[in-house]
Amino acid sequence: MSKVIVAGGGAAGMLAAISAGMAGHEVVLYEKNEKLGKKLYITGKGRCNVTNASDMDGFLQNVVTNSRFLYSSFHHFNNQDMMELLERYGCPLKIERGGRVFPVSDRASDVTAALERALKAVSVKVCLRQEIGGLVIREGRCEGVRLKAKGAGARERRVLADAVIVATGGLSYPSTGSTGDGFRWAREAGHQVTELLPALTPMEILEEDGKALQGLTLKNIRASVCRGEKELYTAFGEMLFTHFGVSGPVILSASSYVAKELKKGPLTLSLDLKPALSIEQLDERIQKDFKEEKNRQFKNSLSRLLPARLIGMAVARSRIDPEKPVNKITREERKSLARLLKALPFTITGLRDYKEAVITQGGVAVKEVDPSTMGSKKAAGLYLAGEVLDLDALTGGYNLQIAWSTGWSAGASLPYDGCAGTQTVVPSTT
């Protein structure tokens, strides 16, 4: 039996503690919040998109950064394993559109409650409202953690252990306690931390006519992000206009692919409002509508083609006289309108910050972590799991599965009878 400390009570931390406990280790989990799984409560709009039911090929296709690193951990503990674990501990699940998995109750609290039952079943000691100040590193080995003092006159303490699993999350949603502690500790242990950026986050646009559409949702559109002629991202789905720019599933996914490119300057977002039609088919459709509306002014002729709130923008950007009868619109004007609706442009100027980002892109360089065990190659006895690693994926339950799988691998791979012997509490000298 080894003495194990888990730093962080989120998705990765709870799974690491459960798997370590199941393996027979003595485990203490420290969480600085008043409850476990605080970020889980806001995932999936409070419903908690636990994982995705796709096969592993489908999973890896949705991982944006370092997918190959995950082969081993997904093999050891996959989406089916996670679903079985939650149902075993009293959280029935259901599969919805796109393979998204949710609790039957639609309550994220039921996911956390199931994991708490699992922690209790394997005798994990959970210490809430206890913040860790850093790691104890000596001669290339992680020997424990430094606990921050609580109360006036109290002293920082060192808690020694055979292994420490860092699962402190990233920087997204700082209100849940994700303040980047693990990145700092990893650097202190000798690790490289790659560039950190908000990911799966809304994007800001320049055009005021786009911001004026705040609240308008567009379904079944194709969104593409380009720099000049080079296409960086394209996807089909749903999006939303906001007071600052754009959001929604296809936009959040795009943000993960273009975040680094945005640092070089603005990008172009192009919306294909009729992706099921070729430009020739769309032109035919417009001709048909115009024939049926031949006595109407142009500004009143697009109600069959576009949502009402989008018509004003389309008319203004087409540069066709709004008062012009449709039977007077030229062939070139009509074709120009079709081209506009197939590639409605906006200028992306930036991303929203970590307060609105679902995840953090970047983290501890995975080349410095053993993909089978999540063990550090820089400090013996140190393990890293979840969002603290340079791993990220698209929406749909994939990021949580990364946390579950890497957390499980870290806890399940710990050696027995480490050098620390028994867990000891001593005053810090630093």
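Here is what the cut-offs are and how they apply
Residues numbered from 1 in each chain as written. Predicted model: local features only at pLDDT ≥ 70, side-chain atom pairs only at ≥ 80, totals over all residues. Heavy atoms only, no water. Pairing = 2+ DSSP bridges. Helix = DSSP H or I, 4+ residues; strand = E, 2+ residues; numbered from the N terminus. Axes fitted to C-alpha atoms, helices over the stretch in contact; angles between N-to-C directions. Buried < 20%, exposed > 50% of the residue type's maximum accessible area, 1.4 Å probe, protein only. Patch = residues over 30% accessible without salt bridge, like charges linked within 9 Å, V, L, I, M, F, W, Y side chains within 5 Å. Areas by Shrake-Rupley, 256 points an atom, 1.4 Å probe, with all protein chains shown as cover. Salt bridge = Lys/Arg side-chain N within 4 Å of Asp/Glu carboxyl O. Lys, Arg positive; Asp, Glu negative; His and termini not counted. Charge placed at Lys NZ, Arg CZ, Asp CG, Glu CD. Parallel < 35°, antiparallel > 145°, perpendicular 65-115°, else oblique. Left-handed = near helix turned anticlockwise from the far one by under 90°. Contact = heavy atoms within 4.5 Å. pLDDT = per-residue confidence, 0-100. Polar contact = N/O pair within 3.5 Å; in protein donor to acceptor, adjacent residues only side chain to side chain. Nonpolar A, V, L, I, M, F, W, Y, C, P; charged D, E, K, R; others polar.

**Q** Tell me about the sheet that holds strand β2 (residues 26–31), and name the residues and values.
**A** Paired through backbone hydrogen bonds, the strands of a sheet run either parallel or antiparallel to each other. Pairing in this open sheet of 5 strands is parallel, and the strands run β7-β2-β1-β11-β20 from one edge to the other. Two strands close off the open sheet at either side, each with one partner strand: β7 (125–128) and β20 (382–384). For this sheet, the mean inter-axis angle between neighbouring strands, taken without regard to orientation, is 20 degrees. Pairing of strand β11 (residues 163–166) with β20, which is carried by 3 bridges, proceeds in the parallel orientation. By the bridge assignment for β20, V164 is matched with L382.

**Q** Account for unusual backbone geometry, naming residues and giving values.
**A** Positive phi, close to 55 degrees, is recorded for K45, a residue that is not glycine. Summarising the element assignment, K45 is placed in the loop between β2 and β3 (51–52). A residue is classified by how much of its surface remains accessible, and K45, at 84% relative accessible area, is exposed.

**Q** So what's going on with a positive patch on the surface? Which residues, and what values?
**A** Together, K125, R129, K150 and R157 give the surface a local cluster of positive charge. By the element assignment, R129 lies in the loop between β7 and β8 (132–138). The exposed category is assigned to R129, whose relative accessible area is 54%.

**Q** Describe the packing of helix α1 (residues 11–22) against helix α5 (residues 108–121), naming the residues involved and giving the relevant values.
**A** Think of two packed helices as two axes; the pair is described by the angle between the axes and how far apart they sit. Where α1 meets α5, the closest approach of the two axes is 9 Å, and the angle between their N-to-C directions is 30 degrees. Here α1 is positioned roughly parallel relative to α5, judged by the angle of their axes. As for the relative orientation of α1 and α5, their crossing is left-handed in sense. Seen from α1, the contacting residues are M14, L15, A17 and I18; seen from α5, they are L115, A118 and L119.

**Q** Any chance you could break down the environment of V63 for me, citing the residues and the numbers?
**A** By the element assignment, V63 lies in strand β4 (residues 63–65). Expressed as a C-alpha distance, the spacing of V63 and D392, which sit 329 residues apart in the sequence, is 6.0 Å. Apart from the residues lying within four places of it in its own chain, the contact partners of V63 are L70, D392, A393 and I402.

**Q** Account for the confidence of the model for the chain, naming residues and giving values.
**A** Taken as a whole, the chain shows an average pLDDT of 93; of its residues, 96% reach a score of 70 or greater. pLDDT under 50 marks residues 419–430. Its contacts with residues more than four places away, or in other chains, come to 32 contacts.

**Q** Describe the pattern of salt bridges, listing the residues and the values that go with them.
**A** A complete count under the given rule lists 33 salt bridges for this structure. A salt bridge links R285 to D289; the shortest N-O distance between them is 3.2 Å. Of the two residues, R285 and D289 are both situated in helix α9 (residues 279–292); the distance of 4 residues between them amounts to about one turn of the helix. According to the relative accessible area criterion, D289 is buried, its value standing at 5%. The partner of K299 in a salt bridge is E323, with the nearest N and O atoms 3.1 Å apart. Here the residue K299 occupies a position in the loop between α9 and α10 (308–318), and E323 occupies one in the loop between α10 and α11 (331–342), the gap between them amounting to 24 residues. For K299, a relative accessible area of 34% corresponds to the partly exposed category. One connected set of salt bridges, linked through shared partners, spans K288, E292, E293, R296 and R304.

**Q** Tell me about α10, residues and numbers included.
**A** Listing the buried residues of α10 in full gives L310, I311, M313, A314, V315 and S318. Residues of α10 that are buried make contact with α7 (208–211), β14 (217–227), α11 and β18 (344–351).

**Q** I'd like a description of the side chain of H191, backed by residues and values.
**A** When you line up the elements, H191 lands in the loop between α6 (181–188) and β12 (197–199). Residue H191 is classed as buried on the basis of its relative accessible area of 5%. Within polar-contact distance, the side chain of H191 engages the side chain of S376 at 2.6 Å. Among all residues touching H191, those that are not within four sequence positions of it are A186, V364, E368, V369, S376, K377, K378, L382 and L384.

**Q** Could you give an account of the sheet that holds strand β13 (residues 203–205), with specific residues and numbers?
**A** The 6 strands are arranged β13-β16-β15-β14-β17-β18 in a closed barrel whose pairing can be described as antiparallel. Neighbouring strand axes in the sheet, compared pairwise and without regard to direction, differ in orientation by 45 degrees on average. When strand β17 (residues 267–272) meets β18, the two strands line up antiparallel, connected through 5 bridges. Paired with L267 across the two strands is I348, which belongs to β18.

**Q** Help me get a handle on the packing of helix α4 (residues 79–88) against α5, residues and values and all.
**A** Taken N-terminus to C-terminus, the directions of α4 and α5 make an angle of 80 degrees; their axes are 8 Å apart at the nearest point. On the basis of their axis angle, the class for α4 and α5 is roughly perpendicular. Only V111, A114 and L115 of α5 make contact with α4, whose side of the interface consists of M82, L85 and L86. Within the contact of α4 with α5, the residues separate by chemical class into 6 nonpolar, no polar and no charged.

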